[in-house]
Amino acid sequence: MPGTPRTVSDVMTRTVVALSSDTPFKDIVKAMERWKVSALPVVDGAHRVVGVVSESDLLPKEEFRDGDPDRYARLRRLPDLAKAGARVAEELMTAPAVTARADETLARAARTMARFGVKRLPVLDADGVLQGIVSRSDLLKVFLRDDEEIAREVRREVVALLFPDPVEPIGVEVRDGLVTLTGRVRDTSIVPVATRLVRAVEGVVDVDCALLGAPRRPNLDPDLPAVAPVGGAREDRTDRSGDRPA
């Protein structure tokens, strides 16, 4: 229900440094140092991503440089030992690459990074061609949204749709990304839905929901007789002798 979510293409870096499969080891290190990045995509002749070389792929060469590992280490770390002897990107890269699509939401890209423990993702189009790079810092750009911009979206996309006729006006206050909702609504059963939708608005850090239901009306109905009238007059059922009522 909130406005159209931003996609990876909205925040990604479009200037991309990529490696070919035959890029030498030292040139990879130089490229990382020059561009201040910790990983680079590897592309084929059609500019499709075939893998990624990261700093962790390069480190085994230094780790095992001054001696041969023991038998246990050789069995346990065969992939690292292979990379220790690698000379070009094709021998070093991790494949297949963990990537994102340009039209993915930022939330989905964030889940991919968390799942695979990576800091950046090559961004591909529908044909698998490299379009850019998205990093963790790129995904956090949504939290740079102005508080008033967030408040306008909450009022327009959540409050106006869920509570078109509130008992009292719904207040929306945003401070440093924290949204506070106040007021009274007719149907409190949808308050949890409102909280969930507000939290889904990009740039929202958290939600304090203080929405209440309509105030209780005092009972203005007259007292009714304990027993319905008989014969047009209220029947006195009290035994004046003090015994139990007849």
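Heads up: the structure comes first, above all this text.
Values in this document were obtained by computation on a predicted structure and should not be read as measured data.

Caption draft 1: How the structure looks around the overall build of the protein chain. For the protein chain, the helix and strand inventory stands at ten helices and nine strands. Considering the protein chain as a whole, with its 246 residues, one finds that 35% of them fall into the buried category. Summarising the internal contacts of the protein chain: among those between residues at least 6 apart in sequence, 57% fall at separations of at least 24. When the accessible surface of the protein chain is split by element, carbon and sulfur atoms take 51% of a total near 16000 Å².

Caption draft 2: Fine view of the pattern of salt bridges. Considering all chains together, one arrives at 14 salt bridges under this definition. Asp-44 is the salt-bridge partner of Arg-48, the closest N and O atoms lying 3.5 Å from each other. When its relative accessible area of 39% is taken as the criterion, Arg-48 is described as partly exposed. Judged by its relative accessible area of 26%, Asp-44 is partly exposed. The salt bridge involving Asp-206 is made with Arg-199; its shortest N-O contact spans 3.1 Å. According to the relative accessible area criterion, Arg-199 is partly exposed, its value standing at 42%. Within the structure, one salt-bridge network assembled from shared partners comprises Arg-145, Glu-149 and Glu-153.

Caption draft 3: Representation of the nonpolar core within the structure. Counting residues in hydrophobic clusters, the biggest one holds 21 residues, and the most contacted among them are Val-154, Val-172 and Val-179. Counting residues per element, the ones that place at least two in this core are α9 (147-162), β7 (171-175), β8 (178-184), α10 (191-199) and β9 (206-212). Among the elements that make up this core, the one with the highest residue count is α9 (six residues). In contact with Val-172, other than residues within four places in its own chain, are Ala-151, Val-154, Arg-155, Val-159, Val-179, Thr-180 and Leu-181.

Caption draft 4: How the structure looks around the environment of Ser-20. Tracing the backbone through its elements, the reader meets Ser-20 in strand β1 (residues 19-20). In sequence terms Ser-20 and Val-88 are 68 residues apart; their C-alpha atoms lie 9.0 Å from each other. Apart from the residues lying within four places of it in its own chain, the contact partners of Ser-20 are Val-42, Val-43 and Ala-89. At 2.6 Å, the side chain of Ser-20 forms a polar contact with the side chain of Asp-22.

Caption draft 5: Fine view of the side chain of Ser-135. Residue position: Ser-135 is located in strand β6 (residues 130-135). With a relative accessible area of 11%, Ser-135 lands in the buried category.

Caption draft 6: Main features of the pairing of strand β2 (residues 39-43). Counting buried residues along β2, five of its five residues qualify, which places the element largely inside the surrounding structure. Burial along β2 is two-sided: Ala-39, Pro-41 and Val-43 facing one way and Leu-40 and Val-42 facing the other are all buried. Pairing analysis gives two bridges linking β1 to β2, with the strands arranged parallel. Bridging across to β2, Ser-20 finds its partner in Val-43. As judged from the five bridges shared by β2 and strand β3 (residues 49-54), these two strands associate in the antiparallel manner. Along β3, the bridge assignment pairs Val-42 with Gly-51.

Each value, and the rule that gives it
- Residues numbered from 1 in each chain as written.
- Predicted model: local features only at pLDDT ≥ 70, side-chain atom pairs only at ≥ 80, totals over all residues.
- Heavy atoms only, no water.
- Helix = DSSP H or I, 4+ residues; strand = E, 2+ residues; numbered from the N terminus.
- Buried < 20%, exposed > 50% of the residue type's maximum accessible area, 1.4 Å probe, protein only.
- Contact = heavy atoms within 4.5 Å.
- Areas by Shrake-Rupley, 256 points an atom, 1.4 Å probe, with all protein chains shown as cover.
- Salt bridge = Lys/Arg side-chain N within 4 Å of Asp/Glu carboxyl O.
- Core = buried A, V, L, I, M, F, W, Y, C linked by side-chain atoms within 4.5 Å.
- Polar contact = N/O pair within 3.5 Å; in protein donor to acceptor, adjacent residues only side chain to side chain.
- Pairing = 2+ DSSP bridges.

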